[in-house]
Amino acid sequence: QVQLVESGGGLVQPGGSLRLSCAASGRIFSIYSMGWYRQAPGKQRELVAAIFSGGSTNYADSVKGRFTISRDNAKNTVYLQMNSLKPEDTAVYYCNAVLSTRWGVGTDDYWGQGTQVTVSS
């Protein structure tokens with residue numbers, strides 16, 4: 001069993017900053033990637049940022065230059081530093097991990113419960 005526990009969401013004014021954290025725990029053999037998705041009301045869930053086992057990263061065009069994803073491999077934790085937040089960043093943010101639970105077995109997707117980020121004055 002694998003759990004992803006998120007923290008750090010909340011209400012912030014436009015131009016402000018927030019830092020999200022997500023810790024993975026449980027039966028983890030190897031993590032391929034960790035990342036963040038978001039879903040705004042009436043919209044599909046979209047990728048915000050991802051970081052891969054080798055350290056490479058991928059960002060949505062809408063957050064490039066404003067958000068930074070990082071990872072602490074020893075803690076199986078991923079962070080999302082969000083700066084210069086805009087009202088259109090308002091959404092529920094979900095942590096995602098692609099990992100294997102034992103040697104010789106392929107990877108599966110795991111999701112956190114979601115954390116609300118609201119950008120409003």
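Look above for the structure.
In this numbering scheme, every chain counts its residues from 1 along its sequence in written order. Local features in this predicted model are restricted to residues whose pLDDT is 70 or higher, and side-chain atom pairs enter the listing and the counts only when it is 80 or higher, whereas totals over whole chains, interfaces and linings include all residues. Only hydrogens and water are set aside when side-chain values are computed; all heavy atoms of the structure are taken into account.

### Some words on the overall build of the protein chain
Part 1: Scanning the protein chain for helices and strands turns up zero helices and eleven strands.
Part 2: Helix and strand definitions follow DSSP, with helices as H or I runs of at least four residues and strands as E runs of at least two, each counted in order from the N terminus. For the protein chain, the succession of helices and strands along the chain, N to C, is β-β-β-β-β-β-β-β-β-β-β.
Part 3: Using C-alpha atoms as the atom set, the radius of gyration is obtained and then compared with a globule rule of 2.2 Å times the number of residues to the power 0.38. Relative to the 2.2 N^0.38 estimate, which gives 14 Å for 121 residues, the radius of gyration of the protein chain is 14 Å and therefore close to what a compact globule would have.
Part 4: Across its three principal axes, the protein chain shows a C-alpha extent of roughly 50 × 25 × 25 Å.
Part 5: Considering the protein chain as a whole, with its 121 residues, one finds that 41% of them fall into the buried category.
Part 6: Of the contacts formed within the protein chain by residues at least 6 apart in sequence, a portion of 55% connects residues at least 24 apart. Three labels apply to residues, based on accessible area from a 1.4 Å probe with only protein chains included: buried if under 20% of the type maximum, exposed if over 50%, partly exposed otherwise in between. When checking whether two residues touch, look at their non-hydrogen atoms; a contact exists if any pair is within 4.5 Å.

### Remarks on the state of the cysteines
Part 1: The definition used for a disulfide is geometric: two cysteine sulfur atoms within 2.5 Å. Applying the stated criterion across every chain, the model contains one disulfide.
Part 2: At a sulfur-sulfur separation of 2.0 Å, the disulfide partner of Cys22 is Cys95. Because the sign of the S-S torsion sets the handedness, a value of about -80° for the bond joining Cys22 and Cys95 places this disulfide among the left-handed ones. Of this pair, Cys22 sits in strand β3 (residues 18-26) while Cys95 sits in strand β9 (residues 91-100), placing them 73 residues apart in sequence. Neither residue differs from the other here; Cys22 and Cys95 are each classed as buried.

### Regarding the nonpolar core
Part 1: Grouping buried Ala, Val, Leu, Ile, Met, Phe, Trp, Tyr and Cys residues that are joined through side-chain atoms within 4.5 Å yields what is termed a nonpolar core. Grouped together as the largest cluster of nonpolar side chains are 30 residues, with contacts concentrated most on Trp36, Leu80, Met82 and Tyr93.
Part 2: Elements with a contribution of two residues or more to this core: β1 (2-7), β3, β4 (30-39), β5 (46-52), β7 (67-72), β8 (77-82), β9 and β11 (115-119).
Part 3: Top contributing element to this core by residue count: β9, with five residues.
Part 4: Contacts of Met82, omitting those with residues within four sequence positions, involve Gly16, Ser17, Leu18, Leu20, Arg66, Phe67, Tyr93 and Val117.

### Structural notes on the sheet that holds β8
Part 1: Ordered in space as β1-β3-β8-β7, the four strands form an open sheet in which the pairing is antiparallel. Looking at which strands have only one partner, the edges of the open sheet turn out to be β1 and β7. Averaged over all pairs of adjacent strands, the angle between their axes in this sheet comes to 15°, without regard to strand direction.
Part 2: Sheet topology places β7 next to β8; six bridges connect them, and they run antiparallel. Among the inter-strand pairings, Phe67 is bridged to a residue of β8, identified as Met82. Note: two strands are recorded as paired if DSSP finds a minimum of 2 bridges between them. The axes used here are C-alpha line fits, helices contributing only the stretch in contact, and every angle between their N-to-C directions lies in the interval 0 to 180 degrees.

### So, the pattern of salt bridges
Part 1: We define a salt bridge as a side-chain nitrogen of Lys or Arg found within 4 Å of a carboxyl oxygen belonging to Asp or Glu. Under the defined criterion, the tally for this structure stands at four salt bridges.
Part 2: Across the pair Asp61 and Lys64 runs a salt bridge whose closest N-O atoms are separated by 3.1 Å. For the residue pair Asp61 and Lys64, the accessibility class agrees, reading exposed in each case.
Part 3: A salt bridge links Arg66 to Asp89, with the shortest nitrogen-to-oxygen separation between them at 2.7 Å. Linking Arg66 in the loop between β6 (57-59) and β7 with Asp89 in the loop between β8 and β9, this pair joins segments that are 23 residues apart in sequence. The burial state of Arg66 is the same as that of Asp89; both residues are buried.
Part 4: If you follow the salt bridges from partner to partner, you end up with Arg38, Glu46, Arg66 and Asp89 in one network.

None of the figures reported here should be taken as evidence of function without further support.
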